[in-house]
Amino acid sequence: MNTFLKILLVVALTIVALKFSPILLCGALVGLLIATVLGAVGLSLLAVLLAVLVGLAIALSPIWVPVLVVIGIVSLCRSPKQAVTA
(Lines give C-alpha, C1' and ligand atoms only; values in the text may rest on other atoms or scores of the structure.)
Protein backbone atom coordinates (compact mmCIF):
# COMPACT_ATOMS: atom_id res chain seq x y z
CA MET A 1 0.00 0.00 0.00
CA ASN A 2 1.57 3.27 -0.99
CA THR A 3 1.86 6.40 1.14
CA PHE A 4 -0.93 8.32 -0.59
CA LEU A 5 -3.49 5.60 0.19
CA LYS A 6 -2.32 5.42 3.80
CA ILE A 7 -2.74 9.18 4.21
CA LEU A 8 -6.15 9.04 2.53
CA LEU A 9 -7.21 6.22 4.87
CA VAL A 10 -6.06 8.17 7.95
CA VAL A 11 -7.96 11.27 6.77
CA ALA A 12 -11.10 9.23 6.11
CA LEU A 13 -10.90 7.58 9.54
CA THR A 14 -10.36 10.98 11.17
CA ILE A 15 -13.46 12.38 9.46
CA VAL A 16 -15.50 9.38 10.56
CA ALA A 17 -14.18 9.70 14.12
CA LEU A 18 -15.06 13.40 14.20
CA LYS A 19 -18.55 12.67 12.92
CA PHE A 20 -19.13 10.04 15.61
CA SER A 21 -17.43 11.92 18.45
CA PRO A 22 -20.64 13.54 19.85
CA ILE A 23 -22.29 10.13 20.03
CA LEU A 24 -19.25 8.60 21.68
CA LEU A 25 -19.01 11.53 24.10
CA CYS A 26 -22.67 11.16 25.09
CA GLY A 27 -22.18 7.42 25.53
CA ALA A 28 -19.13 8.02 27.68
CA LEU A 29 -20.97 10.55 29.82
CA VAL A 30 -23.93 8.21 30.28
CA GLY A 31 -21.56 5.39 31.20
CA LEU A 32 -19.78 7.62 33.68
CA LEU A 33 -23.10 8.65 35.22
CA ILE A 34 -24.19 5.02 35.55
CA ALA A 35 -20.84 4.08 37.11
CA THR A 36 -21.14 6.96 39.58
CA VAL A 37 -24.65 5.96 40.63
CA LEU A 38 -23.68 2.31 40.99
CA GLY A 39 -20.59 3.32 42.96
CA ALA A 40 -22.67 5.47 45.31
CA VAL A 41 -25.17 2.65 45.78
CA GLY A 42 -22.31 0.23 46.39
CA LEU A 43 -20.74 2.52 48.99
CA SER A 44 -24.04 3.04 50.76
CA LEU A 45 -24.66 -0.72 50.82
CA LEU A 46 -21.17 -1.22 52.22
CA ALA A 47 -21.85 1.39 54.91
CA VAL A 48 -25.13 -0.33 55.83
CA LEU A 49 -23.38 -3.69 56.03
CA LEU A 50 -20.67 -2.22 58.25
CA ALA A 51 -23.30 -0.63 60.51
CA VAL A 52 -25.10 -3.97 60.82
CA LEU A 53 -21.85 -5.76 61.68
CA VAL A 54 -20.92 -3.16 64.31
CA GLY A 55 -24.43 -3.35 65.79
CA LEU A 56 -24.20 -7.15 65.89
CA ALA A 57 -20.80 -6.98 67.57
CA ILE A 58 -22.15 -4.56 70.18
CA ALA A 59 -25.24 -6.67 70.78
CA LEU A 60 -23.20 -9.84 71.24
CA SER A 61 -20.46 -8.21 73.36
CA PRO A 62 -21.77 -9.71 76.64
CA ILE A 63 -20.92 -13.08 75.11
CA TRP A 64 -17.63 -12.57 73.29
CA VAL A 65 -15.86 -10.12 75.62
CA PRO A 66 -15.75 -12.55 78.59
CA VAL A 67 -14.73 -15.34 76.23
CA LEU A 68 -11.82 -13.23 75.00
CA VAL A 69 -10.84 -12.43 78.59
CA VAL A 70 -10.81 -16.12 79.51
CA ILE A 71 -8.80 -17.03 76.40
CA GLY A 72 -6.31 -14.26 77.19
CA ILE A 73 -5.85 -15.39 80.79
CA VAL A 74 -5.41 -19.01 79.71
CA SER A 75 -2.84 -18.06 77.08
CA LEU A 76 -0.91 -15.98 79.65
CA CYS A 77 -0.87 -18.80 82.20
CA ARG A 78 0.04 -21.53 79.72
CA SER A 79 3.72 -22.28 79.39
CA PRO A 80 5.27 -21.38 76.03
CA LYS A 81 6.05 -24.27 73.72
CA GLN A 82 9.66 -25.07 73.01
CA ALA A 83 10.85 -24.07 69.55
CA VAL A 84 11.65 -27.05 67.36
CA THR A 85 15.11 -26.81 65.85
CA ALA A 86 16.03 -29.04 62.97
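Quick note: structure is the one above.
Residues numbered from 1 in each chain as written. Predicted model: local features only at pLDDT ≥ 70, side-chain atom pairs only at ≥ 80, totals over all residues. Heavy atoms only, no water.

1. Concerning the overall build of the chain
Summing up its helical and strand segments, the chain has two helices and zero strands in all. Buried positions account for 0% of the 86 residues belonging to the chain. Of the roughly 7,800 Å² of accessible surface on the chain, a fraction of 83% belongs to carbon and sulfur atoms. (Helix = DSSP H or I, 4+ residues; strand = E, 2+ residues; numbered from the N terminus. Buried < 20%, exposed > 50% of the residue type's maximum accessible area, 1.4 Å probe, protein only. Areas by Shrake-Rupley, 256 points an atom, 1.4 Å probe, with all protein chains shown as cover.)

2. Structural notes on the packing of helix H1 (residues 3-59) against helix H2 (residues 61-77)
At a closest axis distance of 5 Å, the pairing of H1 and H2 adopts a crossing angle of 70°. On the basis of the axis angle, H1 is roughly perpendicular to H2. Here Ala57, Ile58 and Ala59 of H1 lie close against H2, whose contacting residues are Ser61, Pro62 and Trp64. In terms of residue class, the contact of H1 with H2 is made up of five nonpolar, one polar and no charged. (Axes fitted to C-alpha atoms, helices over the stretch in contact; angles between N-to-C directions. Parallel < 35°, antiparallel > 145°, perpendicular 65-115°, else oblique. Contact = heavy atoms within 4.5 Å. Nonpolar A, V, L, I, M, F, W, Y, C, P; charged D, E, K, R; others polar.)

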